[in-house]
Amino acid sequence: MRNLSEHTVKYYRNELNALQKLLERQGVNTDPTKFTSRMIKENVILRMMDDGRKETAINARIRAMRSFFNFLEHRIVQNPMDVLNVCQKQGLLQQTEMSPVKYRAQAA
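Sequence order as written defines the numbering, with residues in each chain counted from 1. Note on the predicted model: pLDDT of at least 70 is required for a residue's local features to be given, and 80 or more for side-chain atom pairs to be given and counted; whole-chain, interface and lining totals, by contrast, use all residues. Hydrogens are left out, water is left out, and the side-chain values use all remaining heavy atoms of the structure.

## Here we look at the packing of helix α1 (residues 6-25) against helix α2 (residues 37-50)
So, point 1. Comment: axis = line fitted to C-alpha atoms, over the contacting stretch for helices; angle = value between 0 and 180 degrees taken between N-to-C directions. A run of DSSP states H or I qualifies as a helix once it reaches four residues; a run of E qualifies as a strand once it reaches two. Both are numbered from the N-terminal end. Contact geometry for α1 and α2: axes closest at 11 Å, N-to-C directions at 100°. Taken together, α1 and α2 sit at an angle that is classed as roughly perpendicular. Contacts from Leu-19, Leu-22 and Leu-23 in α1 reach Met-39, Asn-43, Val-44, Arg-47 and Met-48 in α2.
So, point 2. Polar here means any residue other than Ala, Val, Leu, Ile, Met, Phe, Trp, Tyr, Cys and Pro, which are nonpolar, and Asp, Glu, Lys and Arg, which are charged; Gly is therefore polar. The residue makeup of the contact of α1 with α2, split by class, is six nonpolar, one polar and one charged. Any angle from 65 to 115 degrees is called roughly perpendicular, while one under 35 is roughly parallel, one over 145 is roughly antiparallel, and all others are oblique. Contacts were defined at the residue level, with two residues in contact if any of their heavy atoms lie within 4.5 Å.

## Observations concerning the pattern of salt bridges
So, point 1. In the sections that follow, a salt bridge refers to a side-chain nitrogen of Lys or Arg positioned within 4 Å of a carboxyl oxygen of Asp or Glu. The full count for this structure, using the stated rule, is three salt bridges.
So, point 2. Across the pair Glu-42 and Arg-38 runs a salt bridge whose closest N-O atoms are separated by 2.9 Å. Here the residue Glu-42 and the residue Arg-38 both occupy positions in helix α2, the gap between them amounting to four residues, near one helical turn.
So, point 3. In this structure, Asp-51 engages Arg-47 in a salt bridge whose closest nitrogen and oxygen atoms are separated by 3.6 Å.

Worth remembering: the numbers are spatial, not functional.
Written out as structure tokens, the structure is:
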């Protein structure tokens, strides 16, 4: 494991704890081996958007999840974060398959 600063470890811990609470409130299984990109889109990204969270908060959660799943990569079959990207230059969420706004419209 990389030599992470105390601040970085605290950031990851806070974001992952908040993720766990968010999923538990929705009754979603929090076993990382059960995560899918669809579950992350629907139960994390779109939920946070519906709750009025800012893009910076959503992007922070995505970055923490990406680091966590990269760490677990040799323990899980497929990394659910592989198809999710954060576009930091524009400050917008972006996915390789479709944007969350288009995804929400198609899911409705």
